[in-house]
Each structure stands twice: as C-alpha cells, then as structure tokens.
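Now for the letters of each chain:
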Amino acid sequence: EDQVTQSPEALRLQEGESSSLNCSYTVSGLRGLFWYRQDPGKGPEFLFTLYSAGEEKEKERLKATLTKKESFLHITAPKPEDSATYLCAVREDSSYKLIFGSGTRLLVRP
Amino acid sequence: SAVISQKPSRDICQRGTSLTIQCQVDSQVTMMFWYRQQPGQSLTLIATANQGSEATYESGFVIDKFPISRPNLTFSTLTVSNMSPEDSSIYLCSVRTESNSPLHFGNGTRLTVT
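Note that the structure is a prediction, hence the values are computed from the model and not measured.

Peer 1: Quick rundown of the state of the cysteines? Include the residues and the values.
Peer 2: Think of a disulfide as a covalent bridge from one cysteine sulfur atom to another cysteine sulfur atom. Residue and element names in this part refer to chain B. In this structure the tally under the stated criterion is two disulfides over all chains. Disulfide pairing places Cys-23 opposite Cys-93 at an S-S distance of 1.9 Å. The disulfide joining Cys-23 to Cys-93 has a torsion of about -65° about its S-S bond and is therefore left-handed. Residue Cys-23 is located in strand β3 (residues 19-25), and its partner Cys-93 is located in strand β9 (residues 89-96); the two are separated by 70 residues in the primary sequence. The class for Cys-93 is buried, based on a relative accessible area of 0%. With no disulfide of its own, Cys-13 lies 18 Å from the sulfur of Cys-23, the closest cysteine sulfur. What makes Cys-13 buried here is its relative accessible area of 9%.

Peer 1: Provide a residue-level description of the side chain of Ser-89 of chain B, including the pertinent values.
Peer 2: All names here are of chain B. Mapped onto the fold, Ser-89 is located in strand β9. Reaching out from Ser-89, the side chain makes a polar contact with the backbone oxygen of Gln-37 at a distance of 2.9 Å. Here Gln-38 takes part through its backbone nitrogen, which lies 3.4 Å from a polar atom of the side chain of Ser-89. Discounting residues that sit within four places of it in the chain, Ser-89 has contacts with Arg-36, Gln-37, Gln-38, Thr-109, Arg-110 and Leu-111.

Peer 1: Quick rundown of the environment of Leu-98 of chain A? Include the residues and the values.
Peer 2: Within the secondary structure layout, Leu-98 of chain A lies in strand β10 (residues 98-100). Residue class for Leu-98 of chain A comes out buried when judged on its relative accessible area of 5%. In the structure, Leu-98 of chain A is positioned 30 residues away from Lys-68 of chain A in sequence and 18 Å away in space, judged by C-alpha atoms. Excluding its chain neighbours within four sequence positions, the residues that come into contact with Leu-98 of chain A are Phe-34, Tyr-36, Ala-89, Val-90 and Arg-91 of chain A together with Tyr-35, Arg-96 and Leu-103 of chain B.

Peer 1: Summarise the interface of chain B and chain A; cite the residues concerned and give the values.
Peer 2: Facing the 22 residues of chain B at the interface are 19 residues of chain A. Interface of chain B and chain A: buried area, both sides summed, is about 1600 Å²; carbon and sulfur atoms make up 49% of it. Inspection of the region where chain B meets chain A yields seven residue pairs in polar contact (both at pLDDT 80 or more). Mapped onto the side of chain B that touches chain A, the elements with two or more residues apiece are β4 (31-37), β5 (43-49), β9 and β10 (104-105) of chain B. For the side of chain B that touches chain A, the element with the most residues is β4 of chain B, which contributes four residues.

Peer 1: Which residues make up the pairing of strand β11 (residues 104-109) of chain A, and what values go with them?
Peer 2: Residues and elements named next belong to chain A. The alternating pattern of β11 places Thr-104, Leu-106 and Val-108 on a buried face and Arg-105, Leu-107 and Arg-109 on a face that is not buried. One ladder, built from five bridges, connects strand β2 (residues 10-14) with β11; its direction is parallel. Directly across from Leu-11, in β11, lies its bridge partner Leu-106. Bridge count between strand β9 (residues 84-92) and β11: three bridges; the pairing is antiparallel. Note that in β11 the partner of Thr-85 across the bridge is Arg-105.

Peer 1: So what's going on with the pairing of strand β11 (residues 109-113) of chain B? Residues and values would help.
Peer 2: Residues and elements named next belong to chain B. Of the two faces of β11, the one holding Thr-109, Leu-111 and Val-113 is buried and the one holding Arg-110 and Thr-112 is not buried anywhere. Where strand β2 (residues 10-13) meets β11, four bridges bridge the pair, whose relative direction is parallel. In the strand pairing of β11, Cys-13 is matched with Val-113. Alignment of β9 against β11, held across three bridges, turns out to be antiparallel. Each residue of the ladder has a partner; that of Ile-90, found in β11, is Arg-110.

What counts and what doesn't
Residues numbered from 1 in each chain as written. Chains lettered and ligands numbered in written order. Predicted model: local features only at pLDDT ≥ 70, side-chain atom pairs only at ≥ 80, totals over all residues. Heavy atoms only, no water. Disulfide = S-S within 2.5 Å. Helix = DSSP H or I, 4+ residues; strand = E, 2+ residues; numbered from the N terminus. Buried < 20%, exposed > 50% of the residue type's maximum accessible area, 1.4 Å probe, protein only. Polar contact = N/O pair within 3.5 Å; in protein donor to acceptor, adjacent residues only side chain to side chain. Contact = heavy atoms within 4.5 Å. Buried area = accessible area lost by both parts, 1.4 Å probe. Pairing = 2+ DSSP bridges.

Listed below in structure tokens is the structure:
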C-alpha cells in the first residue's frame, strides 16, 4: 500500500535555528513529490515539485531534496513567518491522485 | 496558477441537514478534486469531479452522502448530505491545470455539525 510518513509531527525552533523536515514514501513508481505549506484557516499553498532522486529545489529559506525513499525540506535561518504546517504528497505513476502525509507543524519563535 | 474561490468559508449546521459547498475557478481546468481534512489529520481525497459525467469516488465515500456536480470547466459543488458530527471537517476544492502540474487549493470550507 502506498504510504507517506512525515516526521517530526511538530517542531519548535528559535529564529535562526536551521533544521530539516522529513518525508518518507513508498510507492511503486514516483511521478512526483510535492511540498505544500498550510497556514491556519487556509488551503495548502504549493511550494515545490521534485521528480527524480538527486533533484533539489530552493525558494528563499527553503530547500527541498529527494532520494529514492525520502525527501527533506531544509529550513535555513527560519523566521517566525515560516511558522506553518508543511505537507508532503506523492503522485504515483499512472495515477492522478496525490497521497498526503500528515504534516509537520513548525513553530519558529522570535 | 489558478485562483480558486470556495463558498461558504465556514458554517455551523444541525445534524441531519445538508450543506452545499461551491468551488469557482478563474480559468478552465481539466481536473477538479474534493478533499477532506479532519481535525489534526491530513488530506483525504473524496472524489474527482468530472465535467459532463458522474464524479469518481474514492474508497469509503459514496455519491448518496457526497453528491458532486460539475456543470462546466470552472465550477463544481460538493454536498454533504444528512450530516452527523463526524462530518465536521474542512472540505477543500483543488484543481490541476495541466496533466503534470501540481494541485492548487482553495481556502476550504470549515464545517461544524452540532
């Protein structure tokens, strides 16, 4: 069965304290891995798509990487405005569906 | 990316009633999806809204409980029927503009059933 597991469930950081979020996945063939940010009361906001192992994408303080079994979302020198829930999702070959992980709730303290 | 508007943004409903949620997109899209996000949990796909044909439902979701309409390429509705407190959740509309593009989401409808 396809599965997406995110860790940790929650993460508290001090402003400027870099860290990484993990997304482990098991699918028979990966068509794409997606990272989203979700703020309270809002829908998920698209951040990155990764398609193959070794691929990396960056946006401001965020950098997403992908291996054959997992993806990391690295947050460098985070700011309080980076506080949100970060969701990972995978799309399997020949499927239109996204399978979501349960997310990591990130809190960055000033 | 597409701009997606959902109405209502939130509602409190009585047990046994029904609520229809609207999703309007600012451009024509091929695929529209309805997701549910229960408190503290991740997103679960309810169904794919197909233009001109019946929706495709995922395991655990049935048309009688969650009837969906998609009259054109920019609009869809999801009805939550005969509601119970277990239906309290956030319901999200999402779209994919091209076959390999990511999903984009509306801001959701927060439903509370009392």
